[in-house]
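Reading the structure
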Amino acid sequence: MLEMARWITSNTDDKDICMTFQRCFSMPECCASAVLQITALGVYEAFLNGMRVSEDVLQPGWTVYGKRLQVQTYDITHLLQKENTLTVTVGRGWMRSPLAGWTSNEKMAIRRDMPDGLLAEICLTDNTGNTAVIATDENWTCHESPVRFAEIYDGEIYDARLEDSLIEQRSVTLLERIKEDLIPQEGCPVRECEIIPASHIFTAPNGETIVDFGQEVTGWVRFSVDAHAGDTVSFDHAEVLDQDGNFYNANYRSAKAKVTYTCREGRQTHTPHLTFFGFRYIRLLAWPGIPDIHDFEAIAVHSVMKQTGFIRSGHALLDQLISNIFWSQKDNFLDIPTDCPQRDERLGWTGDAAAFVKAASLNYDCERFFAKWLNDLKAEQYPDGGVPVVVPNVLPDIPPSAAWGDAAVICPWQLYTTYGNQEILEHQYSSMKAWADYITSVTHDPYLWTGGIHFGDWLGLDAPAGSYKGSSREDLIASAYYANAVSILIRTGRILQRDISSYEHLYEEIVHTFRKTYPVYHTQTEHVLAYAFHLAEDRQKTADALAEMIRRDGMCTGFVGTPLLLHVLTEAGYTSLAWDLLLNENYPSWLYSVRLGATTTWEHWDGIREDGSFWSTDMNSFNHYAYGSVIDWVYEKAAGIQPLEPGYRRIRIAPHPDRRAGMLSVTLDTHSGKIISSWKYLDDTHVRYEITVPQESELVLPDRTMTVRAGTYIIVI
Ligand code: BGC
């Protein structure tokens, strides 16, 4: 790949300015096709004769640079003219922007100082099959682009006057850089996927002008303005308004998330492209004239994935929650699964991905999306098998944590379960095994995972004052996840026909030691794990105690307990309590945030309090998907669509209706066909079930269990 091309750099002193690389060439006689292969150090936008070479944005995407750098291949034949100019503008992107936001100034300076770079080849083929290659080399030129600054967190500065000015071409310099890390595009392309027009423009109590898009999105704002050359447009972004209805972005922490644009003369439209934002509102800091609602559109940018889950209920707030969960997935699936899209993080937190992967895999077909990220996870694994807390690993100083590193086993297993493709297990087996072995090698006590530094039940509401970690014991959580990891490894090993006898023995010892060490559980999350991972001696008693605690104290689970909580309740016969939690509108609950106007899922149960104040400025994202994992309970338990075999090759439909929701209709487009499970209350007691299955399936209804053939069944009970 890219054999002829040499890395080139602009060698510019002012690294803030995004440089445009350029190459002019004539179309050879009888040219039949032109194919561009391209990658860059940062993110690039490429144009042939002023036309974009593809719809993809923010390419080459985010991977483990140095080990894996994606190369995109585009057919550009349709853009060819007799005389051609290829221009490629390169921004800092994830490679050269300072990430994470709290990194030391020295480390930030190192990233900011890295050279830009481009590697590209155009292969021109004539109709006799002869080829000519135009590759990056010292014959290319470069010049300053109108993008004066573009970084992931801080946004973009653009001077449109420079679009028309005569640009001084400079020579490029060859850059000594490896090519061994080049890989073909693996992930789903990232594109502009939806346009959301501004819904409201208003003056806040403090006099500021705010544009509301009515929906929190990740992406950017396209604006149009009438201006004189030199006028300024400037705005920053926010997710929510404060208690008084004013613009609030303190929760972005150090991320400036700001666009500054210097206008050219006349009517013009601009879209930032080498950065992105998570926002619902923008605040106009400068705008020539009077802004009009039609001047603004939010553009949602994310990885292209096919929607596979469709849910509708008879409960307006529940429907809004479902919409919020889908949005938080789209907003955080921008090439890698991120914790949040707005503040100075936007990182591939492994624990968040592990919590949400099941839900994610049902909402959208994200097999390819996750397969790429798991390749990065594998590439980032430390030599001892430890998995970094974020992938790509920009936080190497934080040691691996239980329930976070477990993404290494949980994600491939979930992909296999949802999509039925064994390849992902084959591919990740060594990584999965290395993670389990890592735990064995670092624990202080055999057959448990004790010691280490963990995130615990992150953001659990039973956290001691001043702590982000719920009060579940970290050693217990870590040991429970150890058991789970080894159990997944054993199941995987059996499928792949590997020798896993030593792990079978290990697993028995872990369960035995866990039971001996933790005869009683103290918190809700401890109960949840003991039940869900089959560690409790008496699972029913454990679930009974959990139900009791929830009735007494309300729900207080964090990132670890919450994704499993409702499943445990339903499996243990407490479905009505699970519905209580799902439909509860008071803090802490899912619908609490919906009642307070959320359009995406919140990081913290009380991100905004009843009185409109914020729980904190620090750890308060309004677009975090982790708690949105509850949607997998809606698919699996409320609608009851359960895979009995990977990829839904065999299915059980066991719905758990509840009068308060009125009705539920769920469609799941699986690799084995379309499954529909709907129920509707006809009156207080009668429920009409309508179920469509693509192959022989098991139906479990309140009064009967039966095996049915492919088809649609309508049953009233
Ligand atoms: C992130 C989380 C992440 C956590 C780990 C946070 O700052 O936003 O979602 O899992 O750190 O503790």
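Residues numbered from 1 in each chain as written. Predicted model: local features only at pLDDT ≥ 70, side-chain atom pairs only at ≥ 80, totals over all residues. Heavy atoms only, no water.

**Digging into the sheet that holds strand β4 (residues 43-48)**
Strands sit in the order β5-β4-β7-β2-β10-β13 across an open sheet of 6 strands; the sheet is antiparallel. In this open sheet, the two edge strands, each paired with only one partner strand, are β5 (51-52) and β13 (170-171). The pairing of strand β2 (residues 19-26) with strand β10 (residues 141-144) spans 4 bridges and is classified as antiparallel. Among the inter-strand pairings, T20 is bridged to a residue of β10, identified as H143. (Pairing = 2+ DSSP bridges. Helix = DSSP H or I, 4+ residues; strand = E, 2+ residues; numbered from the N terminus.)

**Some remarks on helix α5 (residues 367-380)**
End to end, α5 covers 20 Å across 14 residues, agreeing with the expected 20 Å (1.5 Å per residue, within 8%). The element α5 is extensively covered by neighbouring structure, given that 11 of its 14 residues are classed as buried. For α5, the full list of buried residues reads E367, F369, F370, K372, W373, L374, N375, D376, L377, A379 and E380. (Expected span 1.5 Å × (residues − 1). Buried < 20%, exposed > 50% of the residue type's maximum accessible area, 1.4 Å probe, protein only.)

**Some words on the packing of aromatic side chains**
Counted according to the given criterion, the structure contains 38 aromatic pairs. A ring pair is formed by F223 and W287, whose centres lie 5.9 Å apart and whose planes are at 70 degrees; its orientation type is edge-to-face. Placement of F223 in strand β18 (residues 209-227) and of W287 in the loop between β24 (277-286) and β25 (296-303) is noted, with a sequence separation of 64 residues between them. Overall, the relative accessible area of 14% leaves W287 in the buried class. Plain terms: the ring middles of W579 and W633 are 5.2 Å apart, the flat faces sit at 80 degrees to each other, and that makes the pair edge-to-face. In this pair, W579 is assigned in helix α13 (residues 575-583) and W633 in helix α15 (residues 631-638), connecting sequence segments 54 residues apart. Three or more aromatic residues joined by ring pairs form one cluster here, namely Y158, F223, F235, Y261, W287 and F296. (Phe/Tyr/Trp six-rings, centres within 6.5 Å; stacked < 30°, edge-to-face > 60°.)

**Some remarks on the site of the ligand**
In the region of the ligand, the neighbouring residues are D339, R343, E345, W349, D352, W404, F455, W458, F559, E603, M619 and H624. Between the ligand and the protein, one listed contact pairs an oxygen atom with a side-chain N or O atom of D339 at 2.7 Å. H624 has a polar side-chain atom sitting 2.9 Å from an oxygen atom of the ligand. In isolation the ligand has 310 Å² of accessible area, and contact with the protein removes 97% of it. Looking at side-chain class alone, the shell around the ligand contains 6 nonpolar, 1 polar and 5 charged residues. (Near = heavy atom within 4 Å. Polar contact = N/O pair within 3.5 Å; in protein donor to acceptor, adjacent residues only side chain to side chain. Areas by Shrake-Rupley, 256 points an atom, 1.4 Å probe, with all protein chains shown as cover. Nonpolar A, V, L, I, M, F, W, Y, C, P; charged D, E, K, R; others polar.)

**Some thoughts on the domain arrangement of the chain**
Split into domains, the chain comes out as domain 1 (8-187), domain 2 (191-303), domain 3 (306-638) and domain 4 (651-716). A separation of 52 Å is found between the C-alpha centroids of domain 1 and domain 4. (Domains from an automatic or database assignment.)

**Quick notes on the side chain of H270**
Within the secondary structure, H270 sits in strand β23 (residues 266-270). Judged by its relative accessible area of 7%, H270 is buried. Other than its neighbours up to four places away in sequence, H270 contacts E156, Y158, V221, R222, F223 and Y261. (Contact = heavy atoms within 4.5 Å.)

**Quick look at the pattern of salt bridges**
Enumeration over the complete set of coordinates arrives at 45 salt bridges. R552 serves as the salt-bridge partner of D553, at 3.0 Å between the closest nitrogen and oxygen. Assessed through its relative accessible area of 58%, R552 is described here as exposed. A salt bridge links R704 to D703; its shortest N-O distance comes to 3.0 Å. The exposure class assigned to D703 is partly exposed, which follows from its relative accessible area of 47%. Salt bridges here are not isolated pairs; linked through shared partners, they connect D16, R92, R112, E151, D154 and K256. (Salt bridge = Lys/Arg side-chain N within 4 Å of Asp/Glu carboxyl O.)

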